[in-house]
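# Architecture at a glance
What follows is the residue order along each chain.
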Amino acid sequence: VARQVAMVSYRTPLGYHQKFGRALTDESMPSYGSRAPWQVKSYLEYQGKKFLDRFDPVTYVKLTEQMDSHDVGRGRGTIEQVLSHVEIPVCILGIDSDVLYPLREQEELARCMPHAELKIIHSDAGHDGFLLEQDQVAAHIKSFLYSHE
């Protein structure tokens, strides 16, 4: 269930509507109640089961704790101070519909690093836009690499 809740937050309502709408997996079944065979429900259940097969729950909790507590400025100053010392060119990709890593966070990174370039991925898919908008991601990365040869 937790993975299903997470999956809902990775994409936007529009993304789910475009992918599934109100479609059923079985039109002969009633479209009401907890047993309604919605395609979106089937997708979320499948993703939850797939996740359990791939990840050990304790390892996932520990990994999440480390990600949540990571602080690039710990013991070195503010985040702004630390990032201001990044000398290499940096390409930052942000997704305009991402609620997991909002665009404002990518904008902050770009402001803090003197040689950063922010490129925006336009997507209705939320956080999954980095997977689903491969043409945009590839174009931004190629452009960045070619401009820094």
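Further up the page is the structure itself.
Our subject in this report is the structure included herewith. (Residues numbered from 1 in each chain as written. Predicted model: local features only at pLDDT ≥ 70, side-chain atom pairs only at ≥ 80, totals over all residues. Heavy atoms only, no water.)

### Side note on the overall build of the protein
Basically, it comes down to this: Only DSSP runs of H or I with at least four residues qualify as helices, and only runs of E with at least two residues qualify as strands; both kinds are numbered from the N terminus onward. Buried, partly exposed and exposed residues are distinguished by accessible area as a fraction of the type maximum, computed with a 1.4 Å probe on protein chains only: under 20%, between the cut-offs, and over 50%, respectively. When checking whether two residues touch, look at their non-hydrogen atoms; a contact exists if any pair is within 4.5 Å. Surface exposure here means Shrake-Rupley accessible area, sampled with a 1.4 Å probe, where a residue is shielded only by the protein chains that are shown. Charged residues are defined here as Lys and Arg on the positive side and Asp and Glu on the negative side; His and the ends of the chain fall outside this count. To locate a charge, take NZ of a lysine, CZ of an arginine, CG of an aspartate or CD of a glutamate.
Tallying secondary structure elements over the protein gives eight helices and two strands in all. Overall, the protein is about 60 × 35 × 25 Å in size when its C-alpha atoms are taken along their principal axes. Residues counted as buried form 28% of the 149 residues belonging to the protein. When contacts within the protein are restricted to residue pairs at least 6 apart in sequence, long-range pairs at least 24 apart make up 59% of them. Summing over all exposed atoms, the protein offers an accessible surface of approximately 10,400 Å²; the carbon and sulfur share of this is 57%. Each charge sign in the protein was given a centre, from 16 positive and 21 negative side chains, and these centres are 6 Å apart.

### A short note on the environment of glycine 129
Within the secondary structure, glycine 129 sits in helix 7 (residues 129–132). Residues glycine 129 and glycine 15 lie 114 residues apart in sequence; the distance between their C-alpha atoms is 9.8 Å. If we skip the residues at most four places from it in the chain, glycine 129 touches Ile95, Ile121 and Ser123.

### Details of the pairing of strand 2 (residues 116–121)
Selection criterion: Strand pairing is assigned whenever DSSP detects at least two bridges linking the two strands. By definition, the crossover connecting two strands over a helix is right-handed if that path, from the first strand to the second, turns clockwise as seen with the strands pointing away from the viewer.
Across six bridges, the pairing between strand 1 (residues 90–95) and strand 2 is parallel. Counterpart to cysteine 91 in the pairing with strand 2 is glutamate 117. Note that the unit made of strand 1, helix 6 (residues 103–112) and strand 2 has a crossover that is right-handed.

### Here we look at the packing of helix 2 (residues 13–20) against helix 3 (residues 39–54)
For any two helices packed against each other, the geometry comes down to the angle between their axes and how far apart the axes lie. Applicable threshold: Only the stretch in contact is used when a helix axis is fitted, and all axes are lines through C-alpha atoms; the angle between N-to-C directions ranges over 0 to 180 degrees. Reported orientations rely on four angle classes, namely roughly parallel under 35 degrees, roughly antiparallel over 145, roughly perpendicular from 65 to 115, and oblique for the rest. When residues are grouped by polarity, Ala, Val, Leu, Ile, Met, Phe, Trp, Tyr, Cys and Pro land in nonpolar, Asp, Glu, Lys and Arg in charged, and all others, Gly among them, in polar.
Between helix 2 and helix 3, whose axes approach to 10 Å, the crossing angle comes to 110°. When the interaxial angle is binned, helix 2 and helix 3 end up roughly perpendicular. Residues Tyr16, Lys19 and Phe20 of helix 2 form the contact with helix 3, whose participating residues are Gln39, Val40, Tyr43 and Leu44. Partitioning the contact of helix 2 with helix 3 into residue classes produces five nonpolar, one polar and one charged.

### As for the packing of aromatic side chains
Selection criterion: Pairing of aromatic rings covers Phe, Tyr and Trp, the last counted by its six-membered ring, and requires centre-to-centre distances within 6.5 Å; plane angles under 30 degrees mean stacked, over 60 mean edge-to-face, and any other angle means tilted.
Using the criterion set out here, one finds four aromatic pairs in the structure. These aromatic residues form a ring-pair network of at least three members: Phe51, Phe55 and Tyr60.

### Details of a nonpolar patch on the surface
Short version of the rule: Patches in this entry comprise residues that are over 30% relatively accessible and not in a salt bridge; like charges within 9 Å are linked, as are nonpolar side chains (Val, Leu, Ile, Met, Phe, Trp, Tyr) within 5 Å. Any carboxyl oxygen of Asp or Glu within 4 Å of a side-chain nitrogen of Lys or Arg constitutes a salt bridge here.
Where nonpolar side chains cluster on the molecular surface, the patch consists of Phe55, Tyr60, Leu63, Met67, Leu100 and Tyr101 and spans about 530 Å² of accessible area. Mapping phenylalanine 55 onto the fold places it in the loop between helix 3 and helix 4 (57–69).

### Side note on the side chain of glutamine 47
One can find glutamine 47 in helix 3. The residues touching glutamine 47, leaving out its near neighbours within four places in the chain, are Arg3 and Met7.

### Overview of the state of the cysteines
Heads up, the condition is: Two cysteine sulfurs form a disulfide in these notes if their separation is within 2.5 Å.
Summed over all chains, the structure comprises zero disulfides. Lacking any disulfide linkage, cysteine 91 is separated from the closest cysteine sulfur, that of cysteine 112, by 17 Å.

### Re the pattern of salt bridges
By the definition in use, this model includes three salt bridges. The partner of lysine 62 in a salt bridge is glutamate 65, with the nearest N and O atoms 3.7 Å apart. Placement of both lysine 62 and glutamate 65 in helix 4 is noted, with a separation of three residues, approximately one turn of the helix. Between arginine 104 and glutamate 105 there is a salt bridge, with the nearest N and O atoms lying 4.0 Å from each other.

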